[in-house]
Amino acid sequence: MIALPEIRSAAAVIAPHVVRTPLLPFGPGWIKPENLQPIGAFKLRGALNALARLENRANGVVAYSSGNHAQAVAFAARLHGVPAAIVMPDNTPAVKIEATKALGAEVFIVGITERVERAEALVAERGAALIPPFDHPDVIAGQGTIGLEILDDLPGVEAVVVPMSGGGLISGVATAIKSLRPDVRVIGAEPELAADIAESLKTGELVRWDPLKRAQTAADALRDEPSELTWAHISKYVDDVITVSEDEILKAVTDLARRARLIAEPSGAVAVAAQAKLGGGVAIVSGGNVDPALLVRLLAT
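Residues numbered from 1 in each chain as written. Predicted model: local features only at pLDDT ≥ 70, side-chain atom pairs only at ≥ 80, totals over all residues. Heavy atoms only, no water.

### Some remarks on the packing of helix H1 (residues 4-14) against helix H7 (residues 168-180)
So, step 1. It is the contact of H1 with H7, at a shortest axis distance of 9 Å, that shows an interaxial angle of 115 degrees. Taken as a pair, H1 and H7 cross one another with a handedness that is left-handed. Of the residues in H7, those in contact with Leu 4, Ile 7 and Arg 8 of H1 are Gly 172, Thr 175, Ala 176, Ser 179 and Leu 180. (Axes fitted to C-alpha atoms, helices over the stretch in contact; angles between N-to-C directions. Helix = DSSP H or I, 4+ residues; strand = E, 2+ residues; numbered from the N terminus. Left-handed = near helix turned anticlockwise from the far one by under 90°. Contact = heavy atoms within 4.5 Å.)

In C-alpha cells, the structure reads:
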C-alpha cells in the first residue's frame, strides 16, 4: 500500500504538467473539476508520475484503457519522447479513441474482455513497459495528489465524494485524506449498474461482477473492477458508498453544463450525482471527455 510521502513526492513530479484545479461551489457543496486537465481527466496525474519513474522506457510504454488513461499515457509518453501503444475496448466512445490517436499513440481496438491480454502481448513483443490504469503504486500516488489539494483549499471539509471503478483514484485520494485528516469521510460513488465495490464493502470481501453486466452503464470509464492492491486501500479507508441510477448520472451531466458551465462525461458526473444524495462535501468531477452526440441530446431535453 502507498503512504503519504509517496503522494507528496508525486505532487512535486507532476506539478509542472498538470492543472491545479480549483474548488468551485456547486449545489450543496463543492466540486473539484478534474475535467479541466489538459487531457480532460484526472488520469493525467497518475500517468505522469508512473512514466516519470520508469527506469527503462527506451522501448516505449503500453497501456490498456477505456479512454481517459489512454489519453493520459499518450500525453505523458509524448512529453518524454517515447512511443506509446494503447489497447482500447471496442465499446470505447469514438471521441476518446480519436483523442488518443491525436496525441501520437498507436491504438489497438479489441473486445472488452481482451484488452489486458493484448497489452501484455505487446509488452512481451516490444520489450516495452506497462502502465496499468490503476493497479500500480505510482499511478495511485499520482491520483492521490487530488486529496492533498482538497485539504489545502478547504481545511474544514467534512466529506469527499470520489467516483470508483478500478479504484486507483479513490485509493490515492483516501490515503492522502485519511493520513492527514482521519475525521474526514471518504465516500465512494458508483453507478448502480456497476456497483461491485459497494457490494464488496457490504460483504467484507472482494466481489467480482461480470464485465458485460458492468458494461451496461453509460459511465464508460467506471466499468472496471478493483485489483487486490486498490481493494486493500478501499477496504481500509473508504467510509461509505453511494450508488446512483443512470437517470441521476445523466441529470448530473446536464446540471454541471447548465449551472456550472462545465462539460462532464457520465463517469465524471457520478460523484456529483452522489453528492446530491449526500447533501454536501466535495465531489470530484473526474473527466469531461463526453460523446458530443450524447451531450447534445441531454442539453436539448
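### Considerations on the packing of aromatic side chains
So, step 1. By the definition in use, this model includes zero aromatic pairs.
So, step 2. The aromatic ring of Phe 108 is capped on one face by Arg 118, whose charged end is 5.0 Å from the ring centroid.
So, step 3. Of note, Arg 259 hangs over the ring of Phe 26, and the distance from its end group to the ring centre comes to 4.4 Å. (Phe/Tyr/Trp six-rings, centres within 6.5 Å; stacked < 30°, edge-to-face > 60°. Lys NZ or Arg CZ within 6 Å of the ring centre and 35° of its normal.)

### Describing the sheet that holds strand E9 (residues 240-244)
So, step 1. Taken together, the six strands give an open sheet; going across it, the order is E1-E2-E10-E7-E8-E9, and neighbouring strands pair in mixed fashion. Each of the sheet's edge strands pairs with one partner strand only, and the pair in question is strand E1 (24-26) and E9. Neighbour-to-neighbour, the strand axes of this sheet turn through a mean angle of 30 degrees, independent of strand direction.
So, step 2. The pairing of E1 with strand E2 (residues 29-33) spans three bridges and is classified as antiparallel. By the bridge assignment, Phe 26 is partnered in E2 with Gly 29. (Pairing = 2+ DSSP bridges.)

It is worth stressing that arrangement in space is one thing and function is another; only the former is reported here.
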